[in-house]
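# Summary of the model geometry
Letter by letter, the chains look like this.
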Amino acid sequence: RGMVQERASGQDLARAASMATTLVYEAHGRLAAAEALPFSAAAADAVEVQIAEAEQLLQQARALAELLDTGSSAEASASALEISTKVGLAVEEAEWLRCAKGKAYRAKAS
């Protein structure tokens with residue numbers, strides 16, 4: 001019986017890893033959409049919405065990575081580290097995008 005429980009938790013960890021990876025990909029999609037928007041004041045709000053949605057997805061992915069990291073297997077810890085790294089890079093991309101687009105809007109406005 002303990003063996004069945006062990007296997008289920010392994011499946012849960014695999015599901016969490018898969019879900020976190022999907023969230024990171026969705027966040028990248030939002031960031032790509034934000035980057036594709038024109039450099040205009042009219043698009044500024046739409047850019048911010050896309051970036052904010054990406055950041056929410058990344059927060060969810062980070063929470064799943066933390067859950068994985070509490071798993072007992074080395075595989076779960078490695079998966080958590082990989083996801084955390086991807087989340088970190090995407091967060092940097094979001095911050096860069098917000099800064100770059102913001103500067104462009106201010107430059108166009110002046």
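It should be emphasised that the depicted structure is a prediction, and the values quoted were computed from it without experimental measurement. (Residues numbered from 1 in each chain as written. Predicted model: local features only at pLDDT ≥ 70, side-chain atom pairs only at ≥ 80, totals over all residues. Heavy atoms only, no water.)

This part covers the overall build of the protein chain. Helices and strands together make up the secondary structure of the protein chain, namely three helices and zero strands. For the protein chain, the α and β elements follow one another from N to C terminus as α-α-α. Classification of the 110 residues of the protein chain by burial places 29% in the buried group. Considering only residue pairs separated by 6 or more positions, the protein chain has 75% of its internal contacts joining residues 24 or more positions apart. Here the protein chain has roughly 6900 Å² of accessible surface; of this, 58% comes from carbon and sulfur atoms. (Helix = DSSP H or I, 4+ residues; strand = E, 2+ residues; numbered from the N terminus. Buried < 20%, exposed > 50% of the residue type's maximum accessible area, 1.4 Å probe, protein only. Contact = heavy atoms within 4.5 Å. Areas by Shrake-Rupley, 256 points an atom, 1.4 Å probe, with all protein chains shown as cover.)

With respect to the helices and strands, A32 occurs in helix α1 (residues 2-36). Along the backbone, A32 and A94 are 62 residues apart, and their C-alpha atoms lie at a distance of 9.8 Å.

Right, let's get into the nonpolar core. L31, I51, L58, A61, L68, I83 and V87 are the most contacted members of the largest nonpolar core, which has 25 residues in total. At the level of secondary structure, the elements contributing two or more residues to this core comprise α1, α2 (41-69) and α3 (74-109). Excluding residues within four positions of it along the chain, V87 makes contact with V24, L58, A61 and R62. (Core = buried A, V, L, I, M, F, W, Y, C linked by side-chain atoms within 4.5 Å.)

Okay, the confidence of the model for the protein chain next. Taken over all residues, the pLDDT of the protein chain has a mean of 84, while the share at 70 or more is 86%. Element-level pLDDT for the protein chain is lowest in α1, with a mean of 81, against a maximum mean of 90 in α2. Every residue in residues 1-8 is under pLDDT 50, and counting partners more than four places away or in other chains gives one contact. (pLDDT = per-residue confidence, 0-100.)

On to the pattern of salt bridges. Applying the stated criterion across every chain, the model contains five salt bridges. Two residues, R30 and E53, come together in a salt bridge whose shortest N-O distance is 2.8 Å. Linking R30 in helix α1 with E53 in helix α2, this pair joins segments that are 23 residues apart in sequence. On the basis of relative accessibility, which here comes to 26%, the residue R30 falls in the partly exposed class. Under the relative-accessibility criterion, E53 is labelled partly exposed at 30%. (Salt bridge = Lys/Arg side-chain N within 4 Å of Asp/Glu carboxyl O.)

Our next topic: the environment of E75. By secondary structure assignment, the location of E75 is in helix α3. Taking the C-alpha atoms as reference points, E75 and L13, 62 residues apart in sequence, are found 9.6 Å from one another.

This brings us to the environment of A46. Of note, A46 is situated in helix α2. A46 sits in the partly exposed class, given a relative accessible area of 34%. Measuring from C-alpha to C-alpha, the distance between A46 and A34 comes to 7.3 Å, with 12 residues separating the pair along the chain.

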